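Chain residues, written in single-letter form:
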Amino acid sequence: MIGFLRPLIYLSFTLFISGCNDDRAMVNIYDKSILKTPITCMKLQVFPENKTIEKTMHRLYHFDDSCPLRLEISYKNGITCNSTFNVQTKSMNGFPSSYLNMELKQGFSLKYSYYVDLMEDVREEDLKRGFARMEEDLTFR
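Draft legend 1. Examining the side chain of Thr-56 more closely. As for its position among the elements, Thr-56 is in helix H2 (residues 51-60). Once residues lying within four places of it in the same chain are set aside, the contact partners of Thr-56 are Glu-124 and Leu-127.

This is the structure we're talking about:
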């Protein structure tokens, strides 16, 4: 009987551990060539303007305002939903209250995006995690 349960126990443990991964981010690569092209510079745009986000990002990367490649960061804090369709999700404390979106663009062409829903306001750790993911996916020089 124990022999029969052992694979089930391993499977349950594996699912439990993988379910604890806190990275709920969505990454989209819109232009596959960005994966092979080394990024030598980026311009930073934050909307709405936020000096704390700008300072944090400037500590992570040296941005160049004359660069054609733009890292656009948008965010929203304090999101509330008054829809009755989300009552169950809201009551279980599962409805996000903010988001962070980081998009790499050249002109009007979207190359790469990182998006994550958050349960609290955007923090420095969220920006660091997002930028670290970009560094994993893209080549910076």
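Draft legend 2. Highlighting the pattern of salt bridges. Using the criterion set out here, one finds 13 salt bridges in the structure. Measuring nitrogen to oxygen at the nearest pair gives 3.1 Å for the salt bridge that ties Glu-72 to Lys-105. Pair noted here: Glu-72 is in strand S3 (residues 69-76) and Lys-105 is in strand S4 (residues 98-106), with a separation of 33 residues, a long-range link. Among the residues examined, Glu-72 registers a relative accessible area of 19% and is labelled buried.

Draft legend 3. Spatial organisation of the sheet that holds strand S5 (residues 109-118). The mixed open sheet is built from five strands, whose spatial order is S1-S5-S4-S3-S2. The open sheet has two free edges, formed respectively by strand S1 (26-29) and strand S2 (43-47), since each of these has just one partner strand. Across this sheet, the average inter-strand angle for adjacent strands is 10 degrees, counted without regard to direction. The pairing of S3 with S4 spans eight bridges and is antiparallel. Bridging from a neighbouring strand, Leu-69 pairs with Gln-106 of S4. Here H2 sits on the sheet in contact with S2, S3 and S4, set at roughly 155 degrees to S2.

Draft legend 4. Main features of the packing of aromatic side chains. As enumerated under the stated definition, the model contains five aromatic pairs in all. Geometrically, the ring pair formed by Tyr-61 and Phe-63 is edge-to-face, given 5.0 Å between the ring centres and 65 degrees between the ring planes. Since its relative accessible area comes to 12%, Tyr-61 is described here as buried. Residue classification places Phe-63 among the buried positions, given a relative accessible area of 8%. On the numbers, 6.0 Å between centres and 55 degrees between planes, the contact of Tyr-61 with Phe-131 is tilted. With a gap of 70 residues between them, Tyr-61 in the loop between H2 and S3 and Phe-131 in helix H4 (residues 124-137) connect regions that are remote in the sequence. Put simply, the rings of Tyr-61, Phe-63, Phe-131 and Phe-140 touch in pairs and so form one group of aromatic residues.

Parameters at a glance
- Residues numbered from 1 in each chain as written.
- Predicted model: local features only at pLDDT ≥ 70, side-chain atom pairs only at ≥ 80, totals over all residues.
- Heavy atoms only, no water.
- Helix = DSSP H or I, 4+ residues; strand = E, 2+ residues; numbered from the N terminus.
- Contact = heavy atoms within 4.5 Å.
- Salt bridge = Lys/Arg side-chain N within 4 Å of Asp/Glu carboxyl O.
- Buried < 20%, exposed > 50% of the residue type's maximum accessible area, 1.4 Å probe, protein only.
- Pairing = 2+ DSSP bridges.
- Axes fitted to C-alpha atoms, helices over the stretch in contact; angles between N-to-C directions.
- Phe/Tyr/Trp six-rings, centres within 6.5 Å; stacked < 30°, edge-to-face > 60°.

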